[in-house]
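Chain and residue survey
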Amino acid sequence: MAVISVALAGRAYDVVIEEGLLEHLAEAAAPYLMGYGPQRPVPFVADTNTHRLFAAPVDAHLAAQGMAAEWFVVEPGEDAKSWAVLERLCDWLLALGVTRSDHVFALGGGVVGDLVGFACSVVKRGVGFVQLPTTLLAQVDSSVGGKTAINTRAGKNLIGAFHQPSLVLIDPRVLATLPPREMRAGYAEVLKYGLLGDAAFFAWLEANGDKVLAREPAALEHAIATSIAMKARIVAADERETLDQRALLNLGHTFGHALEAETGFSDRLLHGEAVAMGMVLAAKYSTRRGAISAADAARATAAIAAAGLPAHLPGLGLACDGAALVDHMRHDKKAEGRTLPFLLLRRLGEAHVARDVDLTDIAAFLDEELKG
Ligand code: GLY
């Protein structure tokens, strides 16, 4: 078991990581269940997958404690992060009579967490919520840090708010049913923490990544706890991403978002897979700028490839050139006038924000990478 505090002044909260946590949810989340009882059910939000897998045990557990859950269930996938679903969720919470001292429970991956967090930020000007992340990606990244959002026609995550959860309960056992491809996509974000800020953790992942992907409990808990500890430190230091610290968490994301846009934000390339390929490109581009050796870039690439993640750009089968990918980057929400901040590596285990990157050179670099 590990407990990591996100030390935000006046709004500190715990992230608890423990095998089987979902089985004693009522005890683990006791302060946030006060006010609920047999006549006043606890609001839970899930998608049809997490509802099918976990609603029955949660219902049974709460019933044994003299409580009940009321479920709001969305379709799996990004479409749930929409105005229409947000409106239905907010109306449902209001109909349940949630108050600002109540807590809503988000049981699912990043989509459910982002949607619930944003709804909770606006209903009655802010109600509390508890994150129960069920994917590796949500467990190591999106459930912690208070970024909440929905998608609109203009792009992903452009309507949202910073709204921190009151508690994050991570039960690694729920990953037993996660498809291997999603497990690998979440693992890309784990590798990201090693590459951006912890060379020893990166070396540990090189040696033990197969155990994490095989869901061996000790390795999995170590990987999740080390990732969250770094994220908690960064969020506490730079909650609103204004100090170039939280931005480090975007390693691989500028290249990655361009690849996601080019593949239509579809199952062709999952977010974590795009981030993995993006980190390979960030490492190689760092070498091009003379910051890290070709051997270090090859080491980063090898760790990503060893996890079964995309590490070779031609393998994506894209029918575009580097300029088209740069165009996608220009539309990224982080575009600053005519330049873009790029997350590059000073060494393995140390990322930095580079604001002097020439987009023409990025296009030329990508043309070379696309040729293989
Ligand atoms: N996923 C990046 C962040 O939370 O800032």
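It should be noted that the structure appears before, not after, this text.
1. A closer look at the environment of Ala-26
By the element assignment, Ala-26 lies in helix 1 (residues 25–28). Looking at Ala-26, the relative accessible area reads 10%, which means it is buried. Here the alpha-carbon distance between Ala-26 and Val-16, two residues 10 residues apart in the chain, equals 14 Å. Discounting residues that sit within four places of it in the chain, Ala-26 has contacts with Leu-33, His-61, Gln-65 and Met-67.

2. Observations concerning the site of the ligand
Close to the ligand lie Asp-141, Lys-147, Lys-231, Glu-241, Arg-246 and Leu-249. One of the side-chain nitrogen or oxygen atoms of Asp-141 is found 3.0 Å away from a nitrogen atom of the ligand. Contacts to the ligand include Lys-147, whose side-chain N or O atom sits 2.9 Å from an oxygen atom. Within the complex, the protein chains bury 87% of what would otherwise be the 200 Å² of accessible surface of the ligand. When the residues that make up the shell around the ligand are grouped by side-chain class, the tally is 1 nonpolar, no polar and 5 charged.

3. Concerning the sheet that holds strand 5 (residues 103–108)
A sheet is described by the order of its strands in space; here 7 strands give the open sequence 1-2-9-6-5-3-4, paired in mixed fashion. Looking at the sheet topology across the chains shown, the edges are occupied by strand 1 (2–6) and strand 4 (69–74). Between one strand axis and the next, the sheet turns by 20 degrees as a mean value, whatever way the strands run. Sheet contacts for helix 2 (residues 48–64): strand 3 (42–47), strand 4 and strand 5; angle to strand 3, the most-contacted strand, approximately 155 degrees. Running over the sheet, helix 3 (residues 83–96) touches strand 3, strand 4 and strand 5 and is turned about 170 degrees from strand 4.

Criteria and cut-off values
Residues numbered from 1 in each chain as written. Predicted model: local features only at pLDDT ≥ 70, side-chain atom pairs only at ≥ 80, totals over all residues. Heavy atoms only, no water. Helix = DSSP H or I, 4+ residues; strand = E, 2+ residues; numbered from the N terminus. Buried < 20%, exposed > 50% of the residue type's maximum accessible area, 1.4 Å probe, protein only. Contact = heavy atoms within 4.5 Å. Near = heavy atom within 4 Å. Polar contact = N/O pair within 3.5 Å; in protein donor to acceptor, adjacent residues only side chain to side chain. Areas by Shrake-Rupley, 256 points an atom, 1.4 Å probe, with all protein chains shown as cover. Nonpolar A, V, L, I, M, F, W, Y, C, P; charged D, E, K, R; others polar. Pairing = 2+ DSSP bridges. Axes fitted to C-alpha atoms, helices over the stretch in contact; angles between N-to-C directions.

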